[in-house]
Amino acid sequence: MMDLYSIQLEVLLVLLGALALVARAVRPGLNPRWLGGALAVAAGALFLYSFTLSPAAAPAFKGLCRLDSAALFFKRLLLGGTVIALVVAMEFPALRSAAVECFALMLFAAAGMLLLASVNDFVLLFVALELVTICFFAMTSLLRQDPAGLEAGMKYLIMGALSASLTIYGIAYIYGATGHTQFDGVRVAMSNGAAAAYRFGFLLVLIGIGFKAAMVPLQVWAPDVYQGGPTPAVAFLASGSKVAGFVLLLRLAAAGLIPAEGGWLILLAWLAGITLLYGTLGALGQTDLKRLLGYSSIAHAGYLLMGLAVGTPVGRTAMACYLVQYMFTVLAAFLVVSVIGTATGNTDGRGLAGLHRRSPFAAFALFLAMMSLAGVPPLSGAVAKFLVLLEVVRMGSANGTYYVLAGVGAASVVISLAFYFSILRAALVAPDNGAERIELSVPTRLALVVCVIVMIGLGVWPAPLLQAASGLLP
Amino acid sequence: MEIVLIITVLGPLAAALLMLLVPAASGGVCRRLAVAATGLTLALTAVLFGMFDRTADGLQFVSRLPWLPELGIDFGFGLDGLSLTAVSLTALVAFAGALAAADVRSRSREFYALYLTLVTGALGAFTATNLFFFYFFAEFEVLCIYLLIAGWGRLPEGGDAAERAGLRMTLFVGAGAVLTLLGLLLLRQAGGTFDWAALLTASRSHPFPLAAQKAMAVLFVAGFGVMLSAWPLHVWAPPAYAAAPTAVSMFGAGVLKGIGAYGLLRIAAPLLPDGMRWCAPALAVVGMINILYGAWIALRQKDWKLLLGYASISHAGYLLLGVAAMNAVGWSGAAFMMLGGGLATALMFALVGAMEEQTGCRDVAAFGGLGRRAPFLGVCTVMAALALLGLPGFAGFVSEIMVVTGGWMEGSLLMRVAVVAAVWGLVLSAAYMLGAVRNGVYGPPDPAAPALADIRSIAGRLPYILLLAVLLAFGFQPRWMTDPIERSAVSVAAPAASSQGSPGVDKP
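Residues numbered from 1 in each chain as written. Chains lettered and ligands numbered in written order. Predicted model: local features only at pLDDT ≥ 70, side-chain atom pairs only at ≥ 80, totals over all residues. Heavy atoms only, no water.

Trainee: What exactly am I supposed to notice about the overall build of chain A here?
Mentor: Helix and strand counts for chain A come out as 21 helices and zero strands. Taken over C-alpha atoms, the radius of gyration comes to 21 Å for chain A, in line with the 23 Å a tight globule of 474 residues would show. For chain A, the C-alpha atoms occupy an extent of roughly 70 × 55 × 40 Å along the three principal directions. Within chain A, the fraction of its 474 residues that count as buried is 64%. The long-range fraction of contacts in chain A, counting pairs at least 24 apart against all pairs at least 6 apart in sequence, stands at 81%. (Helix = DSSP H or I, 4+ residues; strand = E, 2+ residues; numbered from the N terminus. Rg over C-alpha atoms; globule rule 2.2 N^0.38 Å. Buried < 20%, exposed > 50% of the residue type's maximum accessible area, 1.4 Å probe, protein only. Contact = heavy atoms within 4.5 Å.)

Here's what the structure looks like:
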C-alpha cells in the first residue's frame, strides 16, 4: 500500500488521460474545449490534493522510487505547470480533432515527469524518460497538415531517439561497472573511486538527459521544434519537459552520482558556459517569438546548469528556485504566443504589432515574461539568476573556472537584453498596424494572472520559496 | 521617522500602480497625478532635509525588513549626507520633469507610470542600505529608460533612430550594471554581507586582500564609469539624451549619471581604499580626457541637445577627478557637483525641450534673438548656461573649487596635471556655452525662424524657476548641503583619518 501511496499522483494522471480518451470514444460530439477545461480543473484539484500528501520515509517498490520532500516539491511544481499547459491546449483551436489526444498525451507525459521527480533507479529513470519523450513525439507532430509542424516532429523524433539510445547505452555501462541500477547501490559501489566505465556511462546518461534540458551537445533541435511545433506541445516541452530534465539532473547530483574526481564539475561548468553562449548568441537577430524562445530556452539551460556545476547544496537550491520561476515565466510567454498565434496566424513582428492596444493585459504579461527571462528586477528571473551567480562567484575562490563562468553569465545577461527588448519593441513600441482587438478567454486570463503573480511575487518576496527549496537536496 | 523616507522613495511607485489600476484614467488625470506624486516626494525630501541631524555620522532614518534572511539581505532605506544630496537632486529633477513633460501626447498613462517608476528606482538606489538593493534599483532603471526612450523619444533622423539610441544606452548601462553586480558578488565574498554599514566596519577592521580590492575596483570603475559616461564608455550618452523626451533627458542627464558617481562614492571609494588608490591615476586620466574631449566635441555641436550631451560628458570628468582625489574634500566636491551639475543640466534640457516642443527644431542658431522674442526663456537659458559653467553664485562654482582643491591636495604630479587640465576645461566650456548663448539667445531675431511664444503661466514657469532658485540658493549657502556631505565623506574616508577605535590593530 505504501508503494502505491508514492505513485498515486502519477496513477491518477494516467487515469485522467485515459478518461479523456474514453470520453471522446463514447461521446464523439463532446466539445473538446469543455473537456480540456474539465481536465485542467481536475489537474488543478490534483495539484491541491498533492499538498495533503506527506513525504514517505522509505523508498517504494523495493527502491525504484522515493517520495521524499524534494520529489513532492517538484511534483507540485510540475502539476502546476501541467494545469497551465492544459489551458494553452484547450484554447488552441488549430488542434481541432486532435485536441483530446493532445490533452491525453499531455497528462501521460505529465505522469512521466512526476515519476522522474522521484526516480531512484536507472531502469525506472529510462522508462519515465521515454514515457515523456514518446508522448512528445506524438504531440509535436499533431498538426499533420502543417509541413513545418511535421518537420519539427521529425527533428524531435530523430534527436530523441539518439538521446534515448545514448541513455540506455550509458545505463548499461553503469550497470556493468557497478553491478547495480539503484542509485544507492551505484553510489556505494563507486564510493572508493569511480571506474572508467562508470564515468563513460554517466557521461552518456548526462548527454541523454541533456536532450530534454536542451543543453549542449544535444540542443540543436530546440529552435526548430519550438518554431514549428504546435504551440501547446511546445509550451509543455519548454516548461514541463525541461524542468523535469533538470529535476532529474538534480536528483542524480543529490544522490551523489556525479563522480567527485576527474574534473566533472569543471566539465559541467564548461558545458554550462557553452550552452549559455550558444543560446544567447543564437537568439540575436531572431524575429519569430517562438524561435527566439527556443534559443532562450537553450540559454536558460546554461544558467540552470551553473547551479549544478558548482556542486554544492546551495547551488542546487538556487537551481530549484530557478526552476520554479522559470516554469511560470515560460508558460506566461507561451500563453501570449498562443493567443497572438491564434488571432493573427503568425508570431513574429506582424503578429506582435500593436499588442499593447489589442490586448493590454497580454502585452503586460509578455512584458513581464521577457523581463523575467532577461533577469531584470524586480521580477523572479532576476532573483533566480542572482542566486545562481552568487554561488558561482563564491565557488570561484576554489577554482578560477567559476569566475570565468560568472563572467560568461553576466555577459549573456547583457546580450540577452538586446533580443528580449526587440520583442518588447515589436509588441509595445512598433507602429500599430490597426489590427482588431484580441479578447482573452477567461481560462487564459486566469492562467496569465497566476503566472504574473508568480513572476512578480517571487521577485518581490522570494524568501518563502528559498526557505521551501533549501534543504531539499542535501 | 523612517516612514517619511519610505514614503518618499516608494510614493512615486505607488502612484504609478494606482495609475495602471484605474482603467479610465485619462492623460490629464495621469499628468496631474504624476505632478502630485513627485511634488509629494519633493515636499517630503524637504522635510527630511530639515530633520536631518547634521551632527551625526552614519545613516539616519534607517528602516530594515528581512528580505532574504538566509543570505543576510535586508530591504531598507537610510540617509547620510551623500544620499541626502542625491535624493534632493532626484526629487527636484523629478518634480520639474513631471511639470515640463508637456511634450508627451500619446499614451500618457504609460509614460507617467514608467516615469514615476523611474523616479522610485533612482531614489531606491540612492537610499538602499543594502548593496543588493542598490543594484536591484539601478538595474531596474535600465528597463524603464529603454521603454521611455523607445516609446516616446524622437531624433531628427526619424525612423527608429530614437529606438536604436535607447537600445544602445540600455545595452551600455546594462553592461555597467552587470559589471557592478560581479563586483558586488566579490564584495560579499570578501566582506560576508551586502549590508553597507557592516561592510564598512568589516573593511576597517580587516581590510580586504589587495588583489581582491584591485579586481573589485576595476569592476566598479568600469561599471559605474559606463553610467557616468566616462571615456571611452561614453558613446551611448549624447544620442540617448538627444532622443529622449524632455522629462527623460532631464532625468537621464541629471540623475541617472548621478547613480554612477554615487556608486563610486558610496561603494568603491570607502570600501576599497587600497584598490581605488591603485586605480586613482587611471581615473584621473580618464577624468581629464572626459573634461577636455567632451568640451572639444561640444564646441562643434550645432544641435542644442547634442551640445548638452557632450557638455554633460565634460562634466562627468570633474566627478571622476573628485573621486580620484581619494580625500574627503574631493569626494565632497564630486557629491556636490552631482547636485549642482545635475540640476543645471536638467534645467538646460528642460529649456531646450520647451523650445523644441514649440518649434520642432533644436538648432542653436535657429533661436537667434530668443532674448527678445521670448524673454523668460531667454533669461532662463542664460542663467542656466552660467550655472552649468559654474560661475560664482551658483552651486557649480563651489563644487568645482572643492574638486580642484581636493585634487591638488592629493599631491601627485599626475593629479596636479589633471587639475590644471580641468581648469583649462573650464575655459573650453566657457567657449562653447557662451558661444551657444550668443548664437541662440542674443543677436538679431531671424525672420525665417519658426514662431516661438514665451512661457507666461505661473505653472509653466514653475519648473524653471524652481531649479534656478535651488541652484542659486546652494550657490549662496553651500553649507546647507556641503556640511552633511563633508561629514559623511570624512566618516567614510581612509581609516587613518578616523579616530574611532584603533583600526587595523587586530589584523591577522
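Now, onward.
Trainee: Hey, could you run me through the overall build of chain B in this one?
Mentor: If you tally the helices and strands in chain B, you get 19 helices and two strands. Against the 2.2 N^0.38 benchmark of 23 Å for 508 residues, chain B shows a C-alpha radius of gyration of 22 Å, consistent with a compact globule. Taking the principal axes of its C-alpha atoms as reference, chain B extends roughly 75 × 55 × 40 Å. Counting every position in chain B, which comprises 508 residues, the buried fraction comes to 63%.

Trainee: Looking at this structure, I do not really get the side chain of Asp121 of chain A. What am I missing?
Mentor: Residues and elements named next belong to chain A. With respect to the helices and strands, the residue Asp121 is situated in the loop between helix H5 (99–117) and helix H6 (122–140). Here Asp121 is buried and forms no salt bridge, its nearest opposite-charge partner Arg66 lying at an N-O distance of 11 Å. The residues touching Asp121, leaving out its near neighbours within four places in the chain, are Gly63, Leu64, Thr181, Gln182 and Phe183. (Lys, Arg positive; Asp, Glu negative; His and termini not counted. Salt bridge = Lys/Arg side-chain N within 4 Å of Asp/Glu carboxyl O.)

Trainee: Any chance you could explain the interface of chain B and chain A here in plain terms?
Mentor: Put simply, an interface is often sized by how much accessible area is lost when its parts join up. At the interface, 33 residues of chain B touch 33 residues of chain A. In this assembly, chain B and chain A are joined by one salt bridge. Among the salt bridges present, the one from Arg425 of chain A reaches Glu163 of chain B, with a minimum N-O distance of 3.3 Å. Only strand E1 (65–68), helix H5 (131–152) and helix H6 (161–191) of chain B provide two or more residues apiece to the side of chain B that touches chain A. The residue makeup of the side of chain B that touches chain A, split by class, is 23 nonpolar, four polar and six charged. (Nonpolar A, V, L, I, M, F, W, Y, C, P; charged D, E, K, R; others polar.)

Trainee: Would you take a moment to explain the packing of helix H3 (residues 81–100) of chain B against helix H4 (residues 108–127) of chain B for this structure?
Mentor: A packed helix pair is summarised by two numbers, namely the angle formed by the two axes and the spacing between the axes. Residues and elements named next belong to chain B. The contact between H3 and H4 brings their axes to 9 Å, and the two run at 170°. Taken together, the axis directions place H3 and H4 in an arrangement best described as roughly antiparallel. For the pair H3 and H4, the contacting residues are Ser83, Ala86, Val87, Thr90, Val93, Ala94, Gly97 and Ala98 in the first and Tyr115, Val119, Ala122, Leu123, Phe126 and Thr127 in the second. When its residues are assigned to classes, the contact of H3 with H4 shows 10 nonpolar, four polar and no charged. (Axes fitted to C-alpha atoms, helices over the stretch in contact; angles between N-to-C directions. Parallel < 35°, antiparallel > 145°, perpendicular 65-115°, else oblique.)

Trainee: Where do I start with the packing of helix H10 (residues 246–271) of chain B against helix H13 (residues 328–359) of chain B in this structure?
Mentor: All names here are of chain B. Relative orientation of the contacting elements H10 and H13 amounts to 170°, with a least axis distance of 7 Å. Regarding the angle of H10 to H13, the classification is roughly antiparallel. Facing Thr246, Ser249, Met250, Ala253, Gly254, Gly258, Ala261, Tyr262, Leu265, Ala269 and Pro270 of H10, the residues of H13 in contact are Trp331, Ala334, Ala335, Met338, Gly342, Thr345, Ala346, Phe349, Ala350 and Gly353. In terms of residue class, the contact of H10 with H13 is built from 14 nonpolar, seven polar and no charged.

Trainee: Please clarify how helix H15 (residues 375–389) of chain B should be interpreted in this entry.
Mentor: Owing to its 3.6 residues per turn, the α-helix aligns residues three or four sequence positions apart on the same side. All names here are of chain B. Across its 15 residues, H15 extends 21 Å between first and last C-alpha, which sits within 8% of the 21 Å expected from 1.5 Å per residue. Of all 15 residues in H15, 11 are buried, a share of seventy percent or more. Along H15, the residues classified as buried are Phe376, Leu377, Gly378, Cys380, Thr381, Val382, Ala384, Ala385, Ala387, Leu388 and Leu389. Residue Gly390 follows H15 closely and has a positive phi angle near 75°. (Expected span 1.5 Å × (residues − 1).)

Trainee: It is not clear to me how the state of the cysteines should be interpreted in this structure. Could you clarify?
Mentor: Joining two cysteines, a disulfide is a covalent bond between their sulfur atoms. Within the structure shown, the criterion is met by zero disulfides over all chains. Take Cys361 of chain B: it sits in no disulfide, and the sulfur closest to it among the cysteines is that of Cys380 of chain B, at 19 Å. (Disulfide = S-S within 2.5 Å.)

Trainee: Can you help me understand a nonpolar patch on the surface in this one?
Mentor: Residue and element names in this part refer to chain A. Judged by side-chain polarity, Leu4, Val11, Leu12, Leu15, Tyr49 and Phe61 come together as a nonpolar surface patch covering roughly 490 Å² of accessible area. If one sorts the elements of the nonpolar patch by residue count, helix H2 (residues 8–26) sits on top with three residues. Within the secondary structure layout, Leu15 lies in helix H2. (Patch = residues over 30% accessible without salt bridge, like charges linked within 9 Å, V, L, I, M, F, W, Y side chains within 5 Å. Areas by Shrake-Rupley, 256 points an atom, 1.4 Å probe, with all protein chains shown as cover.)

Trainee: How do you make sense of the nonpolar core when you look at a structure like this?
Mentor: Generally speaking, nonpolar side chains in soluble globular proteins are found buried as a group. Among the nonpolar cores identified, the biggest contains 409 residues, and Met139 and Met370 of chain A together with Leu187 and Trp304 of chain B are the most heavily contacted of them. Ranked by residue count, the leading element in this core is helix H14 (residues 313–344) of chain A, at 20 residues. Excluding anything up to four places from it in sequence, Met139 of chain A contacts Cys102, Leu105, Met106, Ala109, Pro230, Ala233 and Phe236 of chain A. (Core = buried A, V, L, I, M, F, W, Y, C linked by side-chain atoms within 4.5 Å.)

Trainee: What is the right way to read the environment of Ala459 of chain B from this model?
Mentor: Residue and element names in this part refer to chain B. Considering the arrangement of structural elements, one finds Ala459 in helix H18 (residues 458–476). You can call Ala459 exposed: its relative accessible area is 54%. Remark: the alpha-carbon pair of Ala459 and Pro239, spanning 220 residues in sequence, is separated by 30 Å.

Trainee: Just to check I follow, could you spell out the side chain of Thr345 of chain B for this structure?
Mentor: Among the secondary structure elements, Thr345 of chain B is positioned in helix H13. With residues up to four places along the chain from it excluded, the contact list for Thr345 of chain B reads Ala253, Ser312 and Leu388 of chain B.

Trainee: Which parts of the structure should I look at to understand the pattern of salt bridges?
Mentor: Pairs may arise between side chains of opposite charge once their charged atoms sit close together. Residues and elements named next belong to chain A. Summed over all chains, the structure comprises 23 salt bridges over all chains. The salt bridge involving Asp184 is made with Arg66; its shortest N-O contact spans 3.8 Å. Within this pair, whereas Asp184 is found in helix H8 (residues 183–189), its partner Arg66 is found in the loop between helix H3 (32–49) and helix H4 (69–90), the two being separated by 118 residues in sequence. The partly exposed category is assigned to Asp184, whose relative accessible area is 28%.

Trainee: Quick question: what am I supposed to make of helix H1 (residues 2–21) of chain B here?
Mentor: Residue and element names in this part refer to chain B. A rise of 1.5 Å per residue sets the reference length of H1, with its 20 residues, at 28 Å; its end C-alpha atoms lie 27 Å apart and thus fit the reference within 8%. The largest bend along H1 measures about 45° and falls at Leu10, with the proline Pro12 one to four residues further on. Taken as a whole, H1 has its buried residues at Val4, Leu5, Thr8, Val9, Gly11, Pro12, Ala15, Ala16 and Met19. Buried positions along H1 lie against helix H2 (27–51) and H4. (Bend = angle between axes of the 7 residues up to and from the residue.)

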